[in-house]
Amino acid sequence: MSQKWDERYLNQEFAYGKDPNVFFKEWLEKSEPGSILMPADGEGRNGVFAARLGWKVTSFDLSVQGRTKALQLAKENSVTLDYIVGDLKNIQFEKEAFDAIGMIYAHFSAEDKSAFHSKLDTYLKPGGLVIFEAFSKKHLEYIELNPKVGGPGEIDMLYSKSEIMADFKNYEVLMLEEEEILLNEGKYHIGRGSVIRFAGRKAGIRIP
């Protein structure tokens, strides 16, 4: 998988653009800055945006090329990222180290999805925020109509509301919706798609 993403991010053009995801931007702008973990942050458009708002950002991805582009984008915006290249299976952080986690199109294999969500949950402080947007299972219909909209072609890598509720059952649901949206994110997210949008707060009292 790392080779696939390295090839996609090799071009000078940013594959998904330089602007943050709309849903992520909306929720982060109304949240108090702290520390945020960004899995599958790719070329860093979302991590860099968080850093611009004053967040301390830790990003990771499989792609060395993604890291190179992300650090380039960070420099353009006069911010810094702590960017790790590696697989979540092999990456460890301190327990309850982050105030927020941003999962934007962080699609994992069917056998890893729930386990990865569970692992990421351990890194989030009580009272911490998860901001999540990814393609829904219905999205396969949209790919057939318009391949340029992007997204995994395997239904088990896509999401449902029930899966999110099961994986984040100890969260206060601030928002959980399946929506049709119009994507305009770089070269690989163009057109109408079906997504799951979730914002949730982890149970417990947030300690400053």
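Just so you know, these numbers come straight off a predicted model, no measurement behind them.

(A) Broad picture of the sheet that holds strand E7 (residues 189-202). Pairing is mixed in the open sheet, where seven strands are placed in the order E3-E2-E1-E4-E5-E7-E6. The sheet is open, and its two borders are formed by strand E3 (82-85) and strand E6 (171-185), each paired with just one other strand. The sheet shows a mean angle of 15° between the axes of neighbouring strands, direction not considered. Looking at chain direction, strand E1 (residues 35-39) and strand E4 (residues 98-104) are connected through two bridges and run parallel. Note that in E4 the partner of leucine 37 across the bridge is isoleucine 101. Against the sheet, helix H2 (residues 22-29) makes contact with E1, E4, strand E5 (124-135), E6 and E7, and its axis sits at roughly 155° relative to E5, the strand it touches most. Seen against the sheet, helix H5 (residues 113-122) touches E1, strand E2 (56-61), E4, E5, E6 and E7 and runs at an angle of roughly 145° to E5.

(B) The packing of aromatic side chains, seen in detail. Counted by the stated rule, this structure contains eleven aromatic pairs. Consider the rings of phenylalanine 168 and tyrosine 171, whose centres lie 5.3 Å apart with planes at 90°: the pair is edge-to-face. Tyrosine 171 matches phenylalanine 168 in its accessibility class, with the two residues each being buried. Geometry around tyrosine 188 places arginine 8 over its ring, the cationic atom sitting 3.9 Å from the centre. Its end group placed over the ring of tyrosine 159, lysine 113 keeps NZ or CZ at 4.8 Å from the ring centre.

Rules used throughout
Residues numbered from 1 in each chain as written. Predicted model: local features only at pLDDT ≥ 70, side-chain atom pairs only at ≥ 80, totals over all residues. Heavy atoms only, no water. Pairing = 2+ DSSP bridges. Helix = DSSP H or I, 4+ residues; strand = E, 2+ residues; numbered from the N terminus. Axes fitted to C-alpha atoms, helices over the stretch in contact; angles between N-to-C directions. Contact = heavy atoms within 4.5 Å. Phe/Tyr/Trp six-rings, centres within 6.5 Å; stacked < 30°, edge-to-face > 60°. Buried < 20%, exposed > 50% of the residue type's maximum accessible area, 1.4 Å probe, protein only. Lys NZ or Arg CZ within 6 Å of the ring centre and 35° of its normal.

Any functional reading would require information that these geometric values do not contain.
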